[in-house]
Amino acid sequence: MNEFLLMTTLTSIWCSLALAIVILAGAIHFWLRESRVVVTMPPLDRYPTISIIVPAHNEALVIERTVRALLTLNYPATRVELLLYADNCQDQTAQIMRRATAAARAAGRQVQIVERTGTGGKAGVLNDALKLARGEYLAVYDADAMPEENALYFLVQKLLENPQDYVAVFGRNKTRNAQQNFLTRCINQEIVTSQRVQHCAVWHLFKIGRIPGTNFILERSFAQRIGGWRDGALTEDTDISFTIMKAGKLIALAHNSEAFQQEPETLRDYYRQRLRWAKGNYQVVGHNFCHLFDRVAWRVKLETLYYVCTFLWFNLAIVCSDVILVSNLAVMAVRPWFPQLAIPWTFGGGNLLLTHLLLLNWVLMIIVYMVQINIAMATQYGQATADQIWLALASYFTYAQLFIVVSVHAAGSVLVDRLLGRDGSHWVKTRRFAD
Amino acid sequence: MVKGFFLLAMVVTIGLAILTALLLVCQWVIYFRVEQTMVTRRHRARTPRRSANE
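Here goes a summary of the coordinates provided. (Residues numbered from 1 in each chain as written. Chains lettered and ligands numbered in written order. Predicted model: local features only at pLDDT ≥ 70, side-chain atom pairs only at ≥ 80, totals over all residues. Heavy atoms only, no water.)

1. Brief notes about the interface of chain B and chain A
- Across the contact, 34 residues belong to chain B and 49 residues belong to chain A.
- For the pair chain B and chain A, the summed buried area comes to about 3,600 Å², and 74% of that belongs to carbon and sulfur atoms.
- In this structure, the connection of chain B to chain A is made through zero salt bridges.
- Inspection of the chain B/chain A interface yields four residue pairs in polar contact (both at pLDDT 80 or more).
- Counted by class, the side of chain B that touches chain A contains 20 nonpolar, seven polar and seven charged residues. (Contact = heavy atoms within 4.5 Å. Buried area = accessible area lost by both parts, 1.4 Å probe. Salt bridge = Lys/Arg side-chain N within 4 Å of Asp/Glu carboxyl O. Polar contact = N/O pair within 3.5 Å; in protein donor to acceptor, adjacent residues only side chain to side chain. Nonpolar A, V, L, I, M, F, W, Y, C, P; charged D, E, K, R; others polar.)

Put into structure tokens, the structure is as follows:
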């Protein structure tokens, strides 16, 4: 029985590794081509009207820089409408919005500041804005997501490649407080890797995109047709991505479009944010699990399969392997005093060759993990440094293990919510920090 | 069953070793291309850029 569990666990982990390798291969193919492209910015054939929506709930610390960045975007000012939502704010957010936009409003820019008191969190704000917006496309920026000046230009440039099929285009987010501490450095690595490897590969191989919470545009008429965002969704971005794919449309990646986002600086804030994301992802798996078996667009099936494998199968395998490792180490540690104790998880005491082979296998997996991160870093000028290599090694044993704790906690929480009929969609806002 | 698993582990480990070497090569190629592209881009940036606002 022990041997069977060991073999199943390890084979499952190898399956997850195979999936990671397919994605990495796609990313490498993408970047071998794109790394030679010198980015140019020719005038666009047309400049569709854009309604930029900024949902802000008690964002006094960060809103000013975001608003100023939005007002200086490299996009014709007459084609942009700015909708700033101070959503149930108890701080100075609305006043700061007014101050930061005063000159622009005096100059005739289309800026509206809405002090909202409704429910629904971010999805609620976006649904309200959907009724008010007049632009052909909606652009969404979180209050802490300061776009680079050409961010919107690149999103629209990508959109115009195929406006019939691309109903949404998303860019990437960079960590603006990456150098703050060990945690933010690890988050930066994770975000660079997920966006430069995961997002690029999935788009390049399958034309599948996932709308992030910020720095994306979405066709307004399409958003109205699908009924907007699902109120109360913990990860409204993933939720709407599935809805778009179910409609047979595409979410395109504009990898040059960048926004600078603030990440949690303390473990507590990080944990709360990731717990919400993980619970939201389990919700998405729950809502879409049936699509594995019904007639629906193949991209939805593939994406659902990916989520199910990652959040259920592979997570369970990693938890099992951690339990095996920790229990074996614990027994080894106390064995000098209790020599009668047998190591619980082995392939038989004499199978040293297999033990050594699996140890080598583990070391190689750690190296692949580090090289994957360094490939992502290499795609971004100035990020591929020796420090990042050591950080990748340290994060494997520390930061990466946090993901398991968060996943287990989220799975348990979702399960208990279901059993007790509890409303698990309580939205925990990520705390901001002064820049 | 353990013997079969041993063979699988052997194949996976050899595959990983080859993959690691390939990945390292790819990493260096991408790194140097990105550096080269940035140098070219900076060189071109000396000429005035047209803004979309114009």
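2. Remarks on the nonpolar core
Residue and element names in this part refer to chain A.
- By size, the foremost hydrophobic cluster in this structure holds 130 residues, and its most contacted members are I52, L152, L218, F347 and L354.
- With 14 residues, the single largest contributor to this core is helix α11 (residues 352-378).
- Excluding residues within four positions of it along the chain, L218 makes contact with Y137, L138, V167, A168, A223, W229, I240 and I244.
- Membership of the second largest hydrophobic core comes to eight residues, among which are L183, C186, I187 and Y270. (Core = buried A, V, L, I, M, F, W, Y, C linked by side-chain atoms within 4.5 Å. Buried < 20%, exposed > 50% of the residue type's maximum accessible area, 1.4 Å probe, protein only. Helix = DSSP H or I, 4+ residues; strand = E, 2+ residues; numbered from the N terminus.)

3. A closer look at the pairing of strand β8 (residues 250-261) of chain A
Residues and elements named next belong to chain A.
- Here β8 lies mainly inside the structure; ten of its twelve residues are buried.
- The pairing of strand β5 (residues 146-147) with β8 spans two bridges and is antiparallel. Within the sheet, the bridge partner assigned to P147 lies in β8 and is A259.
- The pairing of strand β6 (residues 166-175) with β8 spans eight bridges and is classified as parallel. Its bridge partner being in β8, A168 is matched across the sheet by I251. (Pairing = 2+ DSSP bridges.)

4. As for the environment of B:Y31
- Structurally, B:Y31 can be placed in helix α1 (residues 2-44).
- Given a relative accessible area of 24%, B:Y31 falls into the partly exposed group.
- Residues in contact with B:Y31, not counting those within four places in the same chain, are A:A378 and A:A384.

5. A short note on the pattern of salt bridges
All names here are of chain A.
- Considering all chains together, one arrives at 15 salt bridges over all chains under this definition.
- In this structure, R98 and E115 form a salt bridge, with 2.2 Å as the shortest nitrogen-oxygen distance. One end of the pair, R98, is in helix α3 (residues 93-106); the other, E115, is in strand β3 (residues 110-116), with 17 residues separating them in the sequence.
- Notably, a salt bridge pairs D128 with K131, separated by 4.0 Å at the nearest N-O pair. Residue D128 and its partner K131 are located together in helix α4 (residues 121-132), separated by three residues, close to a single helical turn.
- D128 sits in the partly exposed class, given a relative accessible area of 28%.
- Overlapping salt bridges, with partners in common, bring together D87, R116, D128 and K131 in one network.

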